[in-house]
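# Summary of the model geometry
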Amino acid sequence: MHILRSLGPAVARTAPTEALRAGIGAFAGLAVTGLFLLSPAVDLELGMYLVAPFGASSVLLFAVPNSPLAQPWSAIVGNTLAALVGVAVALLVPEASLRIALAVGLAVTVTILCRAVHPPAGAVAMTAAMSPEAVERLGFWFALAPVGLGTVALVALAALYARLTGRHYPFRQFDAPGSHGTEDADPAERLGLSEEELTAILERYRQSFNLGVEDLARLIGAAELQAATHHTGPLTAADIMSRDLITVTPETPLGEVADLFARHRITSLPVVGPEARFLGVIFQIHLITRSREDALRLGRGFGPALRRLLDRERAQPVRAGDIMSVAGPRATTATPIAALMPLMAEGEVDAVPVLERGRITGIVTRTDFIAALARRSVRAS
């Protein structure tokens, strides 16, 4: 039974939307690269053509962009070095089978030594060794075009596609600024472990080709957070949510919204329709963003811009419905607080509305969450 299970899929189940995203990316990347390289047909004068290993590179760049093997250095340097090795072996070794095996073996060694492991690079070296006619015509130029230029084009398109589809490529480095643009790492990644310690863990378990240090930090942080949810017990949103809510309607003027935030010292304000039907939520950041945009238009400081914006309401009224957010996570009264913990810890939201049949019955804020965890901690001790 164990042997049969070991022959099954080792990759976790992936959402169909992610599979489609990767497939469309690979299609677009190769299609545009083909246009960039003039034609998919072989051009032995300029070396402008697609080579088969680009298909394998596309799998890494668009399907698993977080892999260290898919990063720009690995892809561009790995493919180019492998092409140089393949051309050199093709020029020196006449016997076909020996030439192919030697080219791939040397390419593997060289790319590992240069920290540029990229699996399709083996196919690049093999392609060069199997194409004596192309090597004879192009020589070492083969490493620049089509291999180097084609890989650069794929990497650039992968970075653009990742940005357009909400992904990160190249992946963030360990010391990169957090999501707030400061030098601090995101809260879930503040492990108390240095980059050297995390690197040592990867090397100890021989995972440096599979995970980057940043990814390992995120996984450890997520695992710790998930483990912490086991200690929250059976608490649900209904147990900790605020029930006596301050709400506004979509027609509430912006000045009144700002007054409510200041008067009640709250961080979120649900927007409701008739019969308490939930329509959206306003966070303080929405007021700040609105005043910032006005400040940019007026060329003034932030404070005067906000006052000017509020003063103009009689002439050009701004309402709650104009700035509210209609997206974001929502919960029911039965939602376990363990499901809300990652959202709160990672800073995705300041509060989660609790709905029943489309009507708001409460809201779970960070304050509610921290108070509940503090009570649990006191009881446990």
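Report follows, based on the coordinates. (Residues numbered from 1 in each chain as written. Predicted model: local features only at pLDDT ≥ 70, side-chain atom pairs only at ≥ 80, totals over all residues. Heavy atoms only, no water.)

### Brief notes about the overall build of the protein
- Assigned secondary structure in the protein consists of 17 helices and 4 strands.
- Every one of the 381 residues in the protein was classed for burial, and the buried ones make up 39%.
- For the protein, the accessible area works out to roughly 21500 Å², and carbon and sulfur atoms hold 61% of it. (Helix = DSSP H or I, 4+ residues; strand = E, 2+ residues; numbered from the N terminus. Buried < 20%, exposed > 50% of the residue type's maximum accessible area, 1.4 Å probe, protein only. Areas by Shrake-Rupley, 256 points an atom, 1.4 Å probe, with all protein chains shown as cover.)

### Remarks on the pattern of salt bridges
- Under the criterion given, the structure shown has 3 salt bridges.
- Among the salt bridges present, the one from Glu18 reaches Arg167, with a minimum N-O distance of 2.3 Å. Of this pair, Glu18 sits in helix H2 (residues 16-36) while Arg167 sits in the loop between helix H8 (141-164) and helix H9 (195-204), and the two are 149 residues apart along the sequence.
- Under the relative-accessibility criterion, Arg167 is labelled partly exposed at 35%.
- Glu275 is the partner of Arg359 in a salt bridge, and the nearest nitrogen-oxygen pair spans 2.9 Å. In this pair, Arg359 sits in strand S4 (residues 359-365) while Glu275 sits in the loop between strand S1 (268-272) and strand S2 (278-283), placing the two residues 84 residues apart along the sequence.
- Classification of Arg359 as partly exposed rests on a relative accessible area of 30%. (Salt bridge = Lys/Arg side-chain N within 4 Å of Asp/Glu carboxyl O.)

### Some thoughts on the packing of aromatic side chains
- Going through the model one piece at a time under the given rule, you end up with 1 aromatic pair.
- Considering the side-chain rings of Phe62 and Tyr161, the 5.9 Å spacing of their centres and the 70 degrees angle between planes classify their relative orientation as edge-to-face. One end of the pair, Phe62, is in helix H3 (residues 53-63); the other, Tyr161, is in helix H8, with 99 residues separating them in the sequence. Of the two residues, Phe62 and Tyr161, neither departs from the other in class, the shared state being buried. (Phe/Tyr/Trp six-rings, centres within 6.5 Å; stacked < 30°, edge-to-face > 60°.)

### Description of the nonpolar core
- Grouped together as the largest cluster of nonpolar side chains are 36 residues, with contacts concentrated most on Tyr49, Leu61, Phe62, Ala82, Ala83, Phe142 and Tyr169.
- In terms of residues, this core owes the most to one element, H8, which gives 8 residues.
- In this view, Ala83 contacts Val124, Ala128, Phe142, Ala143 and Val147; residues no more than four positions away in its chain are not counted.
- Counting residues in each nonpolar core, the second largest holds 16 residues, with Ile240, Ala331, Leu340 and Phe369 among its members. (Core = buried A, V, L, I, M, F, W, Y, C linked by side-chain atoms within 4.5 Å. Contact = heavy atoms within 4.5 Å.)

### Regarding the side chain of Asp368
- As for its placement among the helices and strands, Asp368 is situated in helix H17 (residues 366-380).
- A distance of 2.9 Å separates a polar atom in the side chain of Asp368 from a polar atom in the side chain of Ser242.
- When residues no more than four places from it in sequence are discounted, the contact partners of Asp368 are Ile240, Met241, Ser242 and Ile363. (Polar contact = N/O pair within 3.5 Å; in protein donor to acceptor, adjacent residues only side chain to side chain.)

### With respect to the environment of Pro250
- Residue position: Pro250 is located in the loop between helix H11 (237-240) and helix H12 (254-264).
- Once the C-alpha coordinates of Pro250 and Arg319 are considered, the two residues, 69 residues apart in sequence, prove to be 6.3 Å apart.
- Each residue touching Pro250, except ones within four places of it in the same chain, is listed here: Val271, Val272, Leu279, Arg319, Ala320 and Gly321.

### Quick word on the side chain of Ser67
- Within the element layout of this structure, Ser67 appears in the loop between H3 and helix H4 (72-92).
- For Ser67, the residues in contact, after removing those within four places along its chain, are Phe171 and Phe209.

### As for H2
- The end-to-end C-alpha separation of H2 is 30 Å, in line with the 30 Å expected for 21 residues at 1.5 Å each.
- Along H2, the positions that sit buried rather than exposed are Glu18, Arg21, Ala22, Gly25, Ala26, Gly29, Thr33 and Gly34.
- Packing partners of the buried residues in H2 comprise H3 and H8. (Expected span 1.5 Å × (residues − 1).)

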